[in-house]
Amino acid sequence: MAISLMQPSFPETNTSSLLSLEFNPTLSQPYIQHSQMKSLFKSKPKSPAEIVRQTRTLLLSLNGSGEHRGSKREEKTDELNKHIRELKLILYGSSDSEPVAEACAQLTQEFFKENTLHLLIVSLPKLGLEARRDATQVVANLQRQQVHSRIIASAYMEANLNLIDILISGYEDPDLALHYGGMLRECIRHQSIARYVLESEHIKKFFNYIQLPNFDIAADAMATFKELLTRHKSTVAGFLSKNYDWFFQDFNSKLLESDSYITKRQAVKLLSQILLDRSNSVVMVRYVNSKDNLRILMNLLRESSKNIQTDAFHVFKLFAANQNKPPEIVSILIANRSKLLRFLADFKMDREDEQFEEDKAQVVKEIAELEQAGST
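None of the values given here were measured: they were computed from a predicted structure.

Conventions and cut-offs
- Residues numbered from 1 in each chain as written.
- Predicted model: local features only at pLDDT ≥ 70, side-chain atom pairs only at ≥ 80, totals over all residues.
- Heavy atoms only, no water.
- Salt bridge = Lys/Arg side-chain N within 4 Å of Asp/Glu carboxyl O.
- Helix = DSSP H or I, 4+ residues; strand = E, 2+ residues; numbered from the N terminus.
- Axes fitted to C-alpha atoms, helices over the stretch in contact; angles between N-to-C directions.
- Parallel < 35°, antiparallel > 145°, perpendicular 65-115°, else oblique.
- Left-handed = near helix turned anticlockwise from the far one by under 90°.
- Contact = heavy atoms within 4.5 Å.
- Nonpolar A, V, L, I, M, F, W, Y, C, P; charged D, E, K, R; others polar.
- Core = buried A, V, L, I, M, F, W, Y, C linked by side-chain atoms within 4.5 Å.
- Buried < 20%, exposed > 50% of the residue type's maximum accessible area, 1.4 Å probe, protein only.
- Patch = residues over 30% accessible without salt bridge, like charges linked within 9 Å, V, L, I, M, F, W, Y side chains within 5 Å.
- Areas by Shrake-Rupley, 256 points an atom, 1.4 Å probe, with all protein chains shown as cover.
- Lys, Arg positive; Asp, Glu negative; His and termini not counted.
- Charge placed at Lys NZ, Arg CZ, Asp CG, Glu CD.
- pLDDT = per-residue confidence, 0-100.

Visitor: When you look at the pattern of salt bridges in this model, what are you seeing that I'm missing?
Guide: Pairs can form between side chains of opposite charge once their charged atoms are near each other. Counted according to the given criterion, the structure contains 21 salt bridges. Of the charged contacts in the structure, one is a salt bridge between Lys 88 and Asp 134, with a shortest N-O distance of 3.0 Å. Separated by 46 residues along the polypeptide, Lys 88 in helix H4 (residues 70-92) and Asp 134 in helix H7 (residues 129-142) bring together distant segments of the chain. Linking Lys 113 and Glu 110 is a salt bridge whose minimum nitrogen-to-oxygen distance equals 3.2 Å.

Below, the structure written as structure tokens:
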């Protein structure tokens, strides 16, 4: 049977008059416009899960054995770039709209279900610069996303620690270092991942990464190093207690005594943060009982940089305030008493700082009393 396509019916209007309406300039709103007809056949918007699945397919194709070549490969790469950008928009929103929690949850669940995260990370070297930036933001954001009130990235990363190995080794590739470094810092928000890095041989690599000649990469490595040593208090305290000898030997010789001003400044500031944290009190006591450590800090007080002097002072005051100073510490302080007191008399902040003045007065008092104790 033949099926006829019937024209829509309009009150008191025949087909010819309907056609004339579309082109009648005297009518403000024609019944049917071409653009409206075209919109009826638009494809249904893709769900977040569909975008992730298509991204995975494109990533697999990108890592294939050359199935697509030339213009076809470029077309696939462009399509992949658009998908990664779309994933970022779902997770971060745009200037016009906030991210939708349900969409983010769907995207996250699908990402970790089929190893898409793994594919995206290992494919980064094959992506262009903009796609790498977008991918970095996607991976970073996924570390914080919750699905049914759980951050599922933590368990996934713990089960795929080889990805952390890849991210850390990225510091050895100038083209990938900042991207992988950004991902890595978000991953070590998970305590289990930070513990893995601290307990592995990877942590020793950071003493070299921090001194790389590329300033941006060295600064990024220091930011990651600082995060590892300050975020998870109990994990850090356990690591420092267990690895005290080699860690502070490398910290002192490679960072505090570095020829680089930037490295030295960042290191002494980090040391101050570590030792002044109450969770590291046992480590702090051990550190300030060492005459070698005291000599290093006294040398840092002599630096021409006011910033280094200030951060060094915040560590030096711990040596002075220690009420159970070993004899060798007392001897060094007494031998250098006059120089230290002259230095402290002239040592002032650029801005008024009551806490600093109180700390300095206490240090002066401690050193002065040591003179009296040593002369009896």
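Visitor: What should I look at first to understand the packing of helix H9 (residues 162-169) against helix H12 (residues 202-209) in this one?
Guide: When two helices pack together, their arrangement is given by the angle between their axes and by how far apart the axes lie. Remark: H9 packs on H12, axes separated minimally by 11 Å, with the N-to-C direction vectors making an angle of 15°. With respect to each other, H9 and H12 are oriented roughly parallel. Once H9 is placed against H12, the crossing between them reads as left-handed. Here H9 contributes Asp 165, Ile 168 and Ser 169 to the contact with H12, which in turn contributes His 202, Phe 206 and Tyr 209. Grouping the amino acids of the contact of H9 with H12 by side-chain chemistry returns three nonpolar, two polar and one charged.

Visitor: What exactly am I supposed to notice about the nonpolar core here?
Guide: One recurring pattern in soluble globular proteins: nonpolar side chains tend to sit buried together. Judged by nonpolar contacts, the single largest core of 101 residues is most densely connected at Phe 206, Phe 225, Phe 251 and Tyr 287. Among the elements that make up this core, the one with the highest residue count is helix H19 (residues 306-321) (eight residues).

Visitor: Would you explain the environment of Leu 178 in this entry?
Guide: Among the secondary structure elements, Leu 178 is positioned in helix H10 (residues 177-187). Its relative accessible area of 40% is what places Leu 178 among the partly exposed residues. Those residues in contact with Leu 178 that lie beyond four places of it in its chain are Asp 216, Ile 217 and Asp 220.

Visitor: Where do I start with a negative patch on the surface in this structure?
Guide: There is a patch of like negative charges on the surface, built from Glu 74, Glu 75, Asp 78 and Glu 79. Assignment of secondary structure puts Glu 79 in helix H4.

Visitor: Which parts of the structure should I look at to understand a nonpolar patch on the surface?
Guide: Among the surface-exposed residues, Phe 215, Tyr 261 and Ile 262 lie close enough to one another that they form a single nonpolar patch of about 290 Å² accessible area. Take Phe 215: it is sitting in helix H13 (residues 215-230).

Visitor: So what exactly am I meant to see when it comes to the confidence of the model for the protein here?
Guide: A low pLDDT means the predicted coordinates there should not be read in detail. Across the protein, the average pLDDT comes to 87, with 85% of residues at or above 70. Contacts from residues 1-35, a stretch scored under 50 in pLDDT, to residues over four places away or in other chains number 14 contacts. Confidence drops under pLDDT 50 across residues 37-41; counting only partners more than four residues distant or on other chains, this segment forms one contact.

Visitor: Please explain the packing of helix H3 (residues 48-62) against helix H5 (residues 101-113) as it appears in this structure.
Guide: Where H3 meets H5, the axes come as close as 8 Å, and the angle between the chain directions of the two elements is 30°. For the pair H3 and H5, the crossing hand works out as right-handed. Packed against H3, whose contacting residues are Pro 48, Ala 49, Val 52 and Arg 53, the element H5 presents Ala 103, Gln 106, Leu 107, Glu 110 and Phe 111 at the interface.

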